[in-house]
Amino acid sequence: VELVYEANLALAANGLIKWTSGNASGRDPDTGLIVIKPSGVRYSALRSKDMVILDLDGHIVSSNEMRPSTDAASHLYIYNNALDVGAVIHTHSTYATAWAAVGRAIPPVLSSIADVFGGPIPCGRYQPTVGSRIGEEVLRVRGRSPAVLMKNHGVFCAAKDVSTTLRAAVMVEEVAQIVWISAQLGHAEVLSTEEIDRYFAYYQGAYGQGSNSGNAREAAP
Ligand SMILES: [Zn+2]
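As the structure is a computational prediction, the values presented were derived from the model and not from experiment. (Residues numbered from 1 in each chain as written. Predicted model: local features only at pLDDT ≥ 70, side-chain atom pairs only at ≥ 80, totals over all residues. Heavy atoms only, no water.)

**Side note on a nonpolar patch on the surface**
- A cluster of nonpolar side chains, W180, I181 and L185, forms an exposed patch at the surface whose accessible area comes to about 360 Å².
- By relative accessible area, which is 44% here, W180 ends up partly exposed. (Patch = residues over 30% accessible without salt bridge, like charges linked within 9 Å, V, L, I, M, F, W, Y side chains within 5 Å. Areas by Shrake-Rupley, 256 points an atom, 1.4 Å probe, with all protein chains shown as cover. Salt bridge = Lys/Arg side-chain N within 4 Å of Asp/Glu carboxyl O. Buried < 20%, exposed > 50% of the residue type's maximum accessible area, 1.4 Å probe, protein only.)

So, in C-alpha cells, the structure goes:
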C-alpha cells in the first residue's frame, strides 16, 4: 500500500498529473490483491489510508469509504491477463499526451528509448474510458514496451513493479518532449533494429543485476 501511495505522490511530484487526473495501482505479490488510488481525490489531499484494495474481480476488500479510480476496470483487465505486470500507471502527461492526441507512436530515435521501451512507444486505437476496453488495447499493442499511448486520451504504463512502471511514466514524458523538439530541428533517424535490441538487452540485463538507478543507461555501450 505504501509503495503505491508513494507512486501516486511521485506522479504529482514529477509534474505528470494535474488535479485528479491519472492514477497508479500495484499488485501485492503475496496476496495477489490490487492497491489503487481512490476516485476523484486530489494528490495534495491523498493519504495512505485512502488507498483502495480490490480483488481481481473488482470487489472492494478494504477502503476508507472511498470508491476506486474510475480506471480500475482497465487496470484489473491488465492484471488479470498479464501475469508479468505488477503495477499500472495512467497519466495525461503533456508531451506524451500530445502524441496520443494525434494517434502517433513515438519513434525510437534515441538510445534511451531503445533502453527502456525496446522500440517505438506504440499508440493504441481510441477506446472509450468506461469499462476495460483500454486495458485490452494496452495489452494488444504493448509488445515489450512498458508504456503505451492511447489515442485521444493519454499514457498507460504497465511493468513488473512499481518503480519500473514509475520510471516508464517519467521517461515516456521526457522522450516525448525531446522527440517533439528534435522534429523542429530536422529529421531524426530511427535506430536500427539491431542497435535497439542491443540497447534493450543491455539495459534490462543491467537492471536485472540489481542496479537501481539511472546509471545503467550511462554505462550502456
Ligand atoms: Zn485518463
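Right, picking up where we left off after that structure.
**Details of the environment of S112**
- Within the element layout of this structure, S112 appears in helix α4 (residues 111-117).
- Counting along the chain gives 88 residues from S112 to F200, while the straight-line C-alpha distance between them is 9.0 Å. (Helix = DSSP H or I, 4+ residues; strand = E, 2+ residues; numbered from the N terminus.)

**Overview of the coordination of the zinc ion**
- Taken together, the protein donors to the zinc ion comprise H90 (NE2), H92 (NE2) and H153 (NE2), at separations of 2.0 to 2.1 Å.
- Taken in sequence order, the residues that donate to the zinc ion follow the motif H-x1-H-x60-H. (Donors = N, O, S within 2.8 Å, 3.2 Å for Na, K, Ca; no water.)

**Things to note about the packing of aromatic side chains**
- All told, the structure shown has zero aromatic pairs when counted by the stated rule.
- If you follow K37 out to its NZ or CZ, it ends over the ring of Y43, 4.8 Å from the centre. (Phe/Tyr/Trp six-rings, centres within 6.5 Å; stacked < 30°, edge-to-face > 60°. Lys NZ or Arg CZ within 6 Å of the ring centre and 35° of its normal.)

**Structural notes on the pairing of strand β5 (residues 87-91)**
- Most of β5 sits inside the fold, with five of its five residues counted as buried.
- Burial along β5 is two-sided: A87, I89 and T91 and V88 and H90, pointing in opposite directions, are all buried.
- Where strand β1 (residues 23-27) meets β5, four bridges bridge the pair, whose relative direction is antiparallel. Within β5, the position partnered with S25 by the bridge is V88.
- As defined by bridge partners, β5 adjoins strand β8 (residues 154-159) across five bridges and the pair is classed as antiparallel. (Pairing = 2+ DSSP bridges.)

**What to know about the environment of A188**
- Within the element layout of this structure, A188 appears in the loop between α6 (162-185) and α7 (193-208).
- Along the primary structure A188 and V109 are separated by 79 residues, whereas in three dimensions their C-alpha atoms are 6.2 Å apart.
- Setting aside its immediate chain neighbours within four residues, A188 contacts V109 and S182. (Contact = heavy atoms within 4.5 Å.)

**Focus: the packing of helix α2 (residues 72-81) against helix α5 (residues 133-141)**
- At their nearest, the axes of α2 and α5 sit 7 Å apart, and the two run at 45° to each other. Our classification of the angle between α2 and α5 gives oblique. Crossing angle aside, the handedness with which α2 passes α5 is right-handed. Facing S74, Y77, I78 and N81 of α2, the residues of α5 in contact are R133, I134, G135, E136, V138 and L139.
- By residue class, the composition of the contact of α2 with α5 is five nonpolar, three polar and two charged. (Axes fitted to C-alpha atoms, helices over the stretch in contact; angles between N-to-C directions. Parallel < 35°, antiparallel > 145°, perpendicular 65-115°, else oblique. Left-handed = near helix turned anticlockwise from the far one by under 90°. Nonpolar A, V, L, I, M, F, W, Y, C, P; charged D, E, K, R; others polar.)

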